[in-house]
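Chains, contacts and geometry: an overview
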Amino acid sequence: MDLSQSQMAWFNLDKLNNFIGIFLFTALIAWFIFHARHRSLFIRKIAGLSAIDEAVGRATEMGRPVLYVPGLQDVDNIQTLAALSILGHVAEKTAEYETPLLCPCCRSVVMSTAQEVVRESYIRVGKADDFVRDNIRYLSDDQFGYVAGVDGLMIREKPAAIFFMGPFYAESLILAETGHSTGAIQIAGTAEASQLPFFVAACDYTLIGEELYAASACLSRDPVQVGSLKGQDAGKAIILGAILLSCLLITLSQIFGWSGLEETIRAVFRT
Amino acid sequence: MKRQLPIFITFIAGITMIIQFFLPRLEHATVPPLGDLFLNWFLIIFAFAYILGGASLVVVNFSKIAKSAPGWGYNAVLLVGLFGTLAAGLFGGINEGSLFRYIFNYVFTPLSATMFALLAFFIASAAFRAFKAKTMEATLLLIAALIVMIGQVPLGQALWSHLPFLKGISLNILIDDWIMNGFNAAGQRAIILGASLGLISMSLKILLGIERSYLGGD
């Protein structure tokens, strides 16, 4: 065999299991979206999202602003996009109630996207004149420089409602505890598992992991979005079943010495 | 068109990134590889976006100083810091011994470390609230946290071996095998699994243009 003539493969067979998994998951979501168009699907209420109205209402009654922190990453992070999606709904409420909305950003691309999202929300509820572009401002790309800026805003402006949505890291507790010390009602949401305990301890409501991504569907109740959420739940149920079945089969293979079966299961679920 | 064009660009970029993950020959059809090429483009856009951020920073802070708004002194400090560091870097260079390096080492780094150090106090205050044994769940959390904390310090390890009823139980096995690798890992994995599926689902919705609220509406 002439190795100099060897060519790169068209398809990476090592990733076949990933490809099949993604294909099946996509098909499942597409199927549920199709069905959601024809019949209504039930989704449970998420306490943190139901509390958005309450939080903005409280800020209005107290005559204080609402602070929205969209995380520390750029728009290439899906959590940031989910956060911007929720920002649109929060901005609609603040526009309706004529309450100032402050949104300090850690990335300039996020800032310009957030400005557009908030502006559209204000236009949607007929309050375009109330939109203040400078309230959605850039602070710093540096992690702790940004934290210092946001903490300063909390102390000076005393917002009555604070939202932490998106990707957060070591600064999560510094932000949430400063917010707590100002007496604001706090709603957080992140998919960073290591930061969730801090938000749970310091905030009134926390969207845990997937709830952040589900927020858009829950808030809009758009059948297509709800369908995709149901597809996601079905995918989770299938994975749960696969984990249980694999545990059972691997246990049996250990007991009866079926080494071939164990290798097959490991090959199917390799990353 | 204002909506369609970004959705079209997102779809093309996203599908390309997915395809190149599975098709290595397509990935290397361009130099640099297709994935790297897209990431390079993002970096270029990112660099231009800095100008937007800088402009926002200057406009917001300068207008507050001009209006003598409450706390305008903070805005002045920010602008002086911004332009002072910029000038130090542009005119004095950024090498060892330069003013820029001095500002970085003796102003910026200690201030960042100070902010980070606040975390220790905030952990204490948050833990004090979270560990109040008001309910059954909170009590369980308190007991588990106490055991893990005892296991992390040498004094705790030394005391553990003298406790009358727990002598036979290894503290490391209790913490590592039981609490951390058992309950803690199971809970974390459930959250990570849910979040990962949510991420795939959200990515698909964005790629297919179903989720477009991040563009400012439907």
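Residues numbered from 1 in each chain as written. Chains lettered and ligands numbered in written order. Predicted model: local features only at pLDDT ≥ 70, side-chain atom pairs only at ≥ 80, totals over all residues. Heavy atoms only, no water.

1. Considerations on a nonpolar patch on the surface
Residue and element names in this part refer to chain B. The condition is simple: Patch definition: residues with relative accessible area over 30% and no salt bridge; like charges joined within 9 Å; nonpolar side chains (Val, Leu, Ile, Met, Phe, Trp, Tyr) joined within 5 Å. The Shrake-Rupley method, run with a 1.4 Å probe sphere, supplies the accessible areas, and residue values consider only the shown protein chains as cover. Put simply, a salt bridge is a Lys or Arg side-chain nitrogen that is within 4 Å of an Asp or Glu carboxyl oxygen. Only runs of H or I of at least four residues qualify as helices and only runs of E of at least two qualify as strands under DSSP, and these elements are numbered from the N terminus. With a 1.4 Å probe rolled over the protein chains alone, any residue whose accessible area is under 20% of its type maximum counts as buried; one over 50% counts as exposed, and the rest are partly exposed.
Residues Met1, Leu5, Phe8, Ile9, Phe11, Ile12 and Leu208 make up a contiguous nonpolar surface patch of about 730 Å² in total accessible area. By the secondary structure assignment, Leu208 is in the segment after helix H8 (171–207). With a relative accessible area of 52%, Leu208 lands in the exposed category.

2. Notes on the nonpolar core
All names here are of chain A. Selection rule: Within this scheme, the nonpolar core is defined by two criteria: the residues are buried Ala, Val, Leu, Ile, Met, Phe, Trp, Tyr or Cys, and they are joined through side-chain atoms within 4.5 Å.
Counting 60 residues, the largest nonpolar core has Tyr68, Ile86, Leu87, Val90, Leu101, Phe163 and Met165 as the members making the most contacts within it. The biggest single contributor to this core is helix H3 (residues 78–97), with ten residues. Ranked by size, the runner-up nonpolar core spans 28 residues in total, among them Tyr146, Val150, Met154 and Ile174.

3. A short note on unusual backbone geometry
All names here are of chain A. Residue Glu98 is not a glycine yet carries a positive backbone phi of 55 degrees. Turning to its location among the elements, Glu98 is positioned in the loop between H3 and strand S2 (101–105). Even without being glycine, Arg221 reaches a positive phi, approximately 55 degrees. Here Arg221 is to be found in the loop between helix H8 (210–220) and helix H9 (223–256). On the accessibility criterion, Arg221 (43% relative accessible area) is partly exposed.

4. Description of the interface of chain B and chain A
Going by this rule: Any two residues whose heavy atoms approach within 4.5 Å are treated as being in contact. The buried area of a pairing is the accessible area, by a 1.4 Å probe, that goes missing from both parts when the two are put together, added over both. A 3.5 Å cut-off defines polar contacts: any pair of N or O atoms within that distance qualifies, except that in protein one atom must be a possible hydrogen donor and the other a possible acceptor, and neighbouring residues in sequence count only when both atoms are side-chain atoms.
Facing the 55 residues of chain B at the interface are 69 residues of chain A. For the chain B and chain A pair, buried surface summed over both sides reaches about 5,500 Å², with 70% attributable to carbon and sulfur atoms. At the junction of chain B with chain A, the criterion picks out two salt bridges. Counting every contact that joins chain B to chain A gives twelve residue pairs in polar contact (both at pLDDT 80 or more). Contributions of two or more residues to the side of chain B that touches chain A are made by helix H1 (4–22), helix H2 (24–27), helix H3 (34–66), helix H5 (99–130) and H8 of chain B. A per-element tally of the side of chain B that touches chain A places H8(B) first, with 16 residues.

5. Let's talk about the packing of aromatic side chains
Rules: Stacked, tilted and edge-to-face are the three classes applied to pairs of Phe, Tyr and Trp rings, where Trp contributes its six-membered ring and a pair requires centres within 6.5 Å; stacked means planes under 30 degrees apart, edge-to-face means over 60, and tilted covers the rest. Criterion for a charge above a ring: Lys NZ or Arg CZ within 6 Å of the ring centre, and within 35 degrees of the ring normal.
Applying the stated criterion across every chain yields a total of 18 aromatic pairs over all chains. For the pair A:Phe164 and A:Phe168, a centre-to-centre distance of 6.1 Å together with 90 degrees between the ring planes defines the contact as edge-to-face. One aromatic cluster in this structure is built from A:Phe11, A:Phe19, B:Phe21 and B:Phe22. Over the aromatic face of B:Phe21 sits the side chain of A:Lys15, whose NZ or CZ is 3.9 Å from the ring centroid.

6. A closer look at the pairing of strand S1 (residues 66–69) of chain A
Residues and elements named next belong to chain A. Selection criterion: Strand pairing is assigned whenever DSSP detects at least two bridges linking the two strands. The handedness rule is simple: strands pointing away from the viewer, and a clockwise path from the first strand over the helix to the second, make the crossover right-handed.
The alternating pattern of S1 places Val66 and Tyr68 on one face and Leu67 and Val69 on the opposite face, and all of these are buried. Sheet topology note: the S1/S2 ladder contains two bridges and is parallel. Residue pairing for S2: Val66 is matched across the bridge by Leu101. Between the parallel pair S1 and S2, the chain is carried across by H3, and the sense of this crossover is right-handed. For S1 and strand S4 (residues 161–165), the ladder comprises four bridges, and the chain directions are parallel. Considered in S4, the bridge of Leu67 is made with Ile162.

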